[in-house]
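The primary structure of each chain is shown beneath.
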Amino acid sequence: IAEVLAVDPLPEKDGAEDLPSGDLDVVFDRVSFAYSSDSSPALCDIDVRLAPGTVTALVGGSGSGKTTFARLIPRFWDPVSGAVRIGGKDLREASSESVLSKAAVVFQESMMLGVSIRDNIKLARPAASDDEMMEAAKASQIHERIMQLPQGYDTIVDNTRFSGGERQRIGIARTLLADTPIVVLNEATAAADPDSEWAIRQGLDHLLKGRTVLMIAHRLHTVRDADRIIVLRDGTIAESGTHQELLDRDGIYAELW
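Since the model is a prediction, treat every value here as computed from it, not as a measurement.

A. Focus on the overall build of the protein. Counting secondary structure elements, the protein contains 10 helices and 10 strands. A compact globule built from 257 residues should have a C-alpha radius of gyration of about 18 Å, and the protein, at 19 Å, falls within 12% of that. Taken along its principal axes, the extent of the C-alpha atoms in the protein is 55 × 50 × 40 Å. Taken across its 257 residues, the protein has 49% of its residues classed as buried. Here the protein displays about 12800 Å² of accessible surface, and carbon together with sulfur accounts for 48% of that area.

B. Looking closely at the sheet that holds strand β1 (residues 26–33). Taken in spatial order, the four strands of this open sheet run β2-β1-β4-β5, and their pairing is antiparallel. Strand pairing shows two members of the sheet lacking a second neighbour, β2 (43–50) and β5 (89–90), which therefore form its edges. Where β1 meets strand β4 (residues 81–86), five bridges bridge the pair, whose relative direction is antiparallel. Opposite S32, over in β4, you have S81 as the bridge partner.

C. The arrangement of the packing of aromatic side chains in detail. Counting across every chain of the model gives five aromatic pairs. Their ring planes at 85° and their centres at 4.8 Å tell us that F33 and Y35 sit as a pair that is edge-to-face. The exposure class of Y35 is partly exposed, given its relative accessible area of 43%. Residues Y35 and W77 carry aromatic rings whose centres are separated by 5.1 Å and whose planes lie at 90° to one another, so their mutual orientation is edge-to-face. Taken as a pair, Y35 in the loop between β1 and β2 and W77 in the loop between α2 (66–72) and β4 lie far apart in primary sequence, 42 residues in all.

D. Representation of the sheet that holds strand β9 (residues 228–233). The strand order across the open sheet built from six strands is β6-β7-β8-β3-β9-β10, with neighbouring strands paired in mixed fashion. Of all strands in the sheet, those bounded by a partner on one side alone are β6 (103–106) and β10 (236–241). This sheet shows a mean twist of 20° between the axes of neighbouring strands, independent of strand direction. By the bridge criterion, five bridges tie strand β7 (residues 182–186) to strand β8 (residues 212–216) in an arrangement that is parallel. Residue pairing across strands places N186 opposite I216, the latter belonging to β8.

E. Spotlight on the pattern of salt bridges. All told, the structure shown has 14 salt bridges when counted by the stated rule. Between K122 and D130 there is a salt bridge, with its nearest N and O atoms 2.8 Å apart. The class of K122 is buried, set by a relative accessible area of 13%. We classify D130 as partly exposed; its relative accessible area is 31%. Sharing partners across several salt bridges, the network here consists of R118, K122, D130 and D154.

F. Region of the structure containing the packing of helix α5 (residues 130–139) against helix α7 (residues 164–178). Between α5 and α7, the least distance of the axes is 8 Å, while the angle of their chain directions is 130°. Between α5 and α7, the interaxial angle falls into the category oblique. α7 is crossed by α5, and the crossing has right-handed handedness. Listed contacts from α7 to E132, M133, A136, A137 and A139 of α5 are A173, L176 and L177. Class assignment for the residues of the contact of α5 with α7 results in seven nonpolar, no polar and one charged.

G. Geometry of the pairing of strand β3 (residues 55–59). Of all five residues in β3, five are buried, a share of seventy percent or more. Residues V55, A57 and V59 point to one face of β3 and T56 and L58 to the other, with burial holding for every one of them. Relative to β8, β3 is paired through four bridges, and the arrangement is parallel. Bridged to A57 within β8 is M215. Note: β3 against β9, four bridges, orientation parallel. If you follow V59 over to β9, its bridge partner there is V231.

About the cut-offs
Residues numbered from 1 in each chain as written. Predicted model: local features only at pLDDT ≥ 70, side-chain atom pairs only at ≥ 80, totals over all residues. Heavy atoms only, no water. Helix = DSSP H or I, 4+ residues; strand = E, 2+ residues; numbered from the N terminus. Rg over C-alpha atoms; globule rule 2.2 N^0.38 Å. Buried < 20%, exposed > 50% of the residue type's maximum accessible area, 1.4 Å probe, protein only. Areas by Shrake-Rupley, 256 points an atom, 1.4 Å probe, with all protein chains shown as cover. Pairing = 2+ DSSP bridges. Phe/Tyr/Trp six-rings, centres within 6.5 Å; stacked < 30°, edge-to-face > 60°. Axes fitted to C-alpha atoms, helices over the stretch in contact; angles between N-to-C directions. Salt bridge = Lys/Arg side-chain N within 4 Å of Asp/Glu carboxyl O. Parallel < 35°, antiparallel > 145°, perpendicular 65-115°, else oblique. Left-handed = near helix turned anticlockwise from the far one by under 90°. Contact = heavy atoms within 4.5 Å. Nonpolar A, V, L, I, M, F, W, Y, C, P; charged D, E, K, R; others polar.

Written as structure tokens, this is what we have:
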């Protein structure tokens, strides 16, 4: 706890502005990042644009920089050099509330609080109606499971009550309800069994439509239909293209595949 409290918060400038509304792109403009001044760079000179309405997949071995790349989008950290921009605005110039209202992250495991399922889903948008909340749960393939519980949506969350795949679907319902134009998926199906993975994929199909999406994956079959696949190695972009283009290139991606 002391270690967390000792970390300086990211600076937010006086008069920080909101990000624009509507469809938003994400641009990494010659971005480099290291976790400390004496550590090796996690990302080196990344130059890439994620376009609205497209799915960009990040693949690569452990330590290649995938998670660091993803966490710079909601401004969990600032780059050492270069800039991350959403809708043309440097995230250091935008308010943190605005950034987090535009970019949602679905982590490898969905975190849930010890309150009702209703409140867990509405964390994304507390003012949402129950009808909106249920529509998000139906789209993420978790509504029927919730309705099987004695108290339905009023059931207090117990970590032993839901499987990992079910918790993930509740997390996806939360993200659907947030309705952000940018979505970051960090190994969203990694811990799921085949049945749960199928259900999660159905929820993701609803979530991804028309948004700017970054998807991190180890299971390459989950990203073969992405509009673009970026292969990271040692914090740099080693390859980029569609699934078929990268297979034809017979390089790192083809070896991973």
